[in-house]
Amino acid sequence: MKIMWCWRCKQEVGMLDEEEYNRVHEIFIDCTKRTKVYRETTGSPLDKTTLCNLFKPVVEEYEKITGFKGFHHNVVMHHRVSIYGHPCKNCGKPLRTPRAKMCTACGAKV
Ligand SMILES: [Zn+2]
Ligand SMILES: [Zn+2]
């Protein structure tokens, strides 16, 4: 786990390394299966609250690893170190992608 600036959340968050991400992702897949089962057995569409309840294990695992609370399960899934670039040499914020040529935050060239 690494604390990094998240572009989408506009705050510093705990980013998962690959091993941690894989663990959370596995739980995510499991939860996705549970939503399918829920739909098939109840025949009703999922409302927001039910959906969040079904995906709770994802959020809980993320909280256990990072200590950051209150994120939606879809948001948790983009807190992965490897989808961002190195920190900018000028301002320290991570580049938006590993291949970025320029820092979006301060405009510095990489
Ligand atoms: Zn985020
Ligand atoms: Zn920068």
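None of these values were measured; they are calculated from a predicted model. (Residues numbered from 1 in each chain as written. Chains lettered and ligands numbered in written order. Predicted model: local features only at pLDDT ≥ 70, side-chain atom pairs only at ≥ 80, totals over all residues. Heavy atoms only, no water.)

**A few points about the coordination of the zinc ion (ligand 2)**
Link 1 in the chain: Donor atoms from the polypeptide that coordinate the zinc ion (ligand 2) comprise C88 (SG), C91 (SG), C103 (SG) and C106 (SG), at 2.3 Å from the metal.
Link 2 in the chain: Angles of 106 to 115° at the metal separate the four donor atoms of the zinc ion (ligand 2), which places the site in the tetrahedral class. (Donors = N, O, S within 2.8 Å, 3.2 Å for Na, K, Ca; no water. Tetrahedral: all angles 85-135°; square planar, octahedral: opposite > 155°, others 65-115°.)

**With respect to the coordination of the zinc ion (ligand 1)**
Link 1 in the chain: Distances from the zinc ion (ligand 1) to its protein donors, namely C6 (SG), C9 (SG), H78 (NE2) and H79 (NE2), fall within the range 2.0 to 2.3 Å.
Link 2 in the chain: Viewed at the metal, the four donor atoms of the zinc ion (ligand 1) are separated by angles of 98 to 116°, and the geometry they form is tetrahedral.
Link 3 in the chain: Motif for the zinc ion (ligand 1), donor spacing along one chain: C-x2-C-x68-H-H. Both residues of the pair, C6 and C9, count as buried. (Buried < 20%, exposed > 50% of the residue type's maximum accessible area, 1.4 Å probe, protein only.)

**Some points on the pattern of salt bridges**
For side chains bearing opposite charge, pairing can occur when the charged atoms are close.
Link 1 in the chain: Per the counting criterion, the structure on display carries four salt bridges.
Link 2 in the chain: Here E61 makes a salt bridge to K64, at a shortest N to O gap of 3.3 Å. Here E61 pairs with K64, and both are found in helix α3 (residues 56-66), just three residues apart, close to one helical turn.
Link 3 in the chain: Classification of E61 as buried rests on a relative accessible area of 11%.
Link 4 in the chain: In this structure, the salt-bridge partner of E63 is K69, at a minimum N-O distance of 4.0 Å. (Salt bridge = Lys/Arg side-chain N within 4 Å of Asp/Glu carboxyl O. Helix = DSSP H or I, 4+ residues; strand = E, 2+ residues; numbered from the N terminus.)

**Considering the environment of C91**
Link 1 in the chain: Note that C91 resides in the segment after α4 (73-76).
Link 2 in the chain: Look at C91 and you get partly exposed, because its relative accessible area is 35%.
Link 3 in the chain: Not counting residues within four places of it along the chain, the set of residues in contact with C91 comprises C103, A105 and C106. (Contact = heavy atoms within 4.5 Å.)

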